[in-house]
Amino acid sequence: MINDKAVEFFSRILNERHADLKKVSEELILELAGENVTEKKSAAQRVKDSAIYLRSILPSSEAPGWLKDLINYTQYFIEGSWNSGDLAKSHYRLLSSILNHDWGIVVGESSGLDFDGVFEFYRKESRLPELFDQIISLLQSIKDSGEIDSLNILEALSKIIATLRNGKEGSYFSLNGAWKFLMSFANNYLWAELEKVPLLGTAFEALRKTVEDADKEMKGLHSSIQLELDRRVKEEVKVFRNSAVGFLTYSRYGELLEDDGRSSTDIKA
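Residues numbered from 1 in each chain as written. Predicted model: local features only at pLDDT ≥ 70, side-chain atom pairs only at ≥ 80, totals over all residues. Heavy atoms only, no water.

*Asks:* Just to check I follow, could you spell out the overall build of the chain for this structure?
*Replies:* A count of helices and strands for the chain gives nine helices and zero strands. Along the chain, helices and strands appear, N-terminal first, in the series α-α-α-α-α-α-α-α-α. For the chain, the proportion of its 269 residues judged to be buried stands at 42%. Across the chain, every contact between residues at least 6 apart in sequence was considered, and the portion connecting residues at least 24 apart equals 70%. Working note: accessible area of the chain is about 14800 Å², and carbon and sulfur atoms make up 49% of it. (Helix = DSSP H or I, 4+ residues; strand = E, 2+ residues; numbered from the N terminus. Buried < 20%, exposed > 50% of the residue type's maximum accessible area, 1.4 Å probe, protein only. Contact = heavy atoms within 4.5 Å. Areas by Shrake-Rupley, 256 points an atom, 1.4 Å probe, with all protein chains shown as cover.)

*Asks:* It is not clear to me how the nonpolar core should be interpreted in this structure. Could you clarify?
*Replies:* Generally speaking, soluble globular proteins have nonpolar side chains that are buried together. I135, L139, L164, W179, L190, L194 and L207 are the most contacted members of the largest nonpolar core, which totals 38 residues. Elements with a contribution of two residues or more to this core: α5 (115–125), α6 (128–143), α7 (151–167), α8 (172–194) and α9 (201–236). For this core, the element with the most residues is α8, which contributes ten residues. If near-sequence neighbours (up to four positions away) are discounted, L207 is found in contact with I135, L138, L139, I142, L190, W191 and L194. Counting residues in hydrophobic clusters, the runner-up holds 28 residues, among them V7, A43, V47 and I78. (Core = buried A, V, L, I, M, F, W, Y, C linked by side-chain atoms within 4.5 Å.)

*Asks:* I tried to follow the confidence of the model for the chain on my own but got confused; where do I start?
*Replies:* Fine structural detail should not be taken from predicted coordinates in areas where pLDDT scores are low. This prediction gives the chain a mean pLDDT of 81; 81% of its residues lie at or above 70. Across the chain, element-level confidence peaks in helix α3 (residues 65–79) with a mean pLDDT of 95 and bottoms out in α5 with 82. (pLDDT = per-residue confidence, 0-100.)

*Asks:* Explain the pattern of salt bridges here, please?
*Replies:* Think of it this way: side chains of opposite charge can pair up when their charged atoms draw near. Scanning all chains against the criterion turns up nine salt bridges. Put simply, R127 and E130 hold a salt bridge, and the shortest N to O gap is 3.3 Å. (Salt bridge = Lys/Arg side-chain N within 4 Å of Asp/Glu carboxyl O.)

*Asks:* Please clarify how the packing of aromatic side chains should be interpreted in this entry.
*Replies:* How two aromatic rings sit relative to each other is set out by the distance from centre to centre and by the angle between their planes. Enumeration over the complete set of coordinates arrives at nine aromatic pairs. On the basis of an interplanar angle of 55 degrees and a centroid distance of 6.4 Å, the ring pair of W66 and W103 is categorised as tilted. One end of the pair, W66, is in helix α3; the other, W103, is in the loop between α4 (84–100) and α5, with 37 residues separating them in the sequence. Like W66, the residue W103 is buried in the burial classification. (Phe/Tyr/Trp six-rings, centres within 6.5 Å; stacked < 30°, edge-to-face > 60°.)

*Asks:* Explain the packing of α6 against α7 to me, please; I cannot follow it from the model alone.
*Replies:* For any two helices packed against each other, one specifies the inter-axial angle together with the distance between the axes. At a closest axis distance of 10 Å, the pairing of α6 and α7 adopts a crossing angle of 160 degrees. The angle between the axes of α6 and α7 places the two elements in the roughly antiparallel class. Here α6 and α7 pass one another in a crossing that is left-handed. Each of F132, I135, I136, L139, Q140, I142 and K143 in α6 lies in contact with α7, whose residues at this interface are L154, L157, S158, I160, I161, L164 and R165. Of the residues that constitute the contact of α6 with α7, the class distribution is ten nonpolar, two polar and two charged. (Axes fitted to C-alpha atoms, helices over the stretch in contact; angles between N-to-C directions. Parallel < 35°, antiparallel > 145°, perpendicular 65-115°, else oblique. Left-handed = near helix turned anticlockwise from the far one by under 90°. Nonpolar A, V, L, I, M, F, W, Y, C, P; charged D, E, K, R; others polar.)

*Asks:* Explanation requested: the side chain of R17 in the structure shown.
*Replies:* Positionally, R17 belongs in helix α1 (residues 4–32). Buried charged residue R17 carries no salt bridge. Nearest counter-charge: E16, at 6.8 Å. Within the structure, the side chain of R17 is placed 3.2 Å from the side chain of S56, a separation counted as a polar contact. (Lys, Arg positive; Asp, Glu negative; His and termini not counted. Polar contact = N/O pair within 3.5 Å; in protein donor to acceptor, adjacent residues only side chain to side chain.)

*Asks:* What am I meant to see in the environment of L95 here?
*Replies:* By the secondary structure assignment, L95 is in helix α4. Spatially, the C-alpha atom of L95 lies 8.4 Å from that of K22, the residues being 73 residues apart in sequence. Those residues in contact with L95 that lie beyond four places of it in its chain are S25 and I29.

*Asks:* Just to check I follow, could you spell out the environment of E26 for this structure?
*Replies:* Here E26 shows up in helix α1. The partly exposed category is assigned to E26, whose relative accessible area is 43%. Distance in space between the C-alpha atoms of E26 and Y92 is 9.7 Å, their sequence separation being 66 residues.

And the structure:
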């Protein structure tokens, strides 16, 4: 079953972007009736940008044809291939589709996808609880060894340990935030500092190995959650039937986060 909150989140973003496109599309009609070419091109650019923004959250197979046409037509005008009359004629033809398109997303009271439940299931299936405990123990032993003479590093270790303890049993956001905090600290400061202390060799290597293992588990966790959300949502939401949903690739502002195939927590040598 699909969680109303999940579908409502996507639907809200979709409707907000569509509303913005409708607004600038109507403004373009008014500008095209005027004489100022600069303002016409600015209005066309706003429409194009808004259309691209809307298209960015849609599965490619579900983007309506008028959206692609709108992007192409405004580009023709902006680059000078079309004059304002050409754009006005085509834009009038598309305007009804722009204003009246129905995305076909229906949220029912009986639906419910438990995001926290999906996360908890795959977290328990992973080795992350065990690995987090090991990392916390190793960091604590390094902090208490007496071999670290930098107060800043010792304070940072205390903060990292506390953050990992809070995050390991917390929400998806808490766990992921704690992990990114650790990796940022490790890659930018910790590895370099520990390499300066030969007496920490065994603990250092154990920590690095455990962090590498946990990094693989984190990537596996992200992948498992994403695949499960895709599967469940596409079963019941028509617009997603033929493409990946990508719920985990959006920021809290609804902005699409590009995935270059490399984890932001990749371990540096």
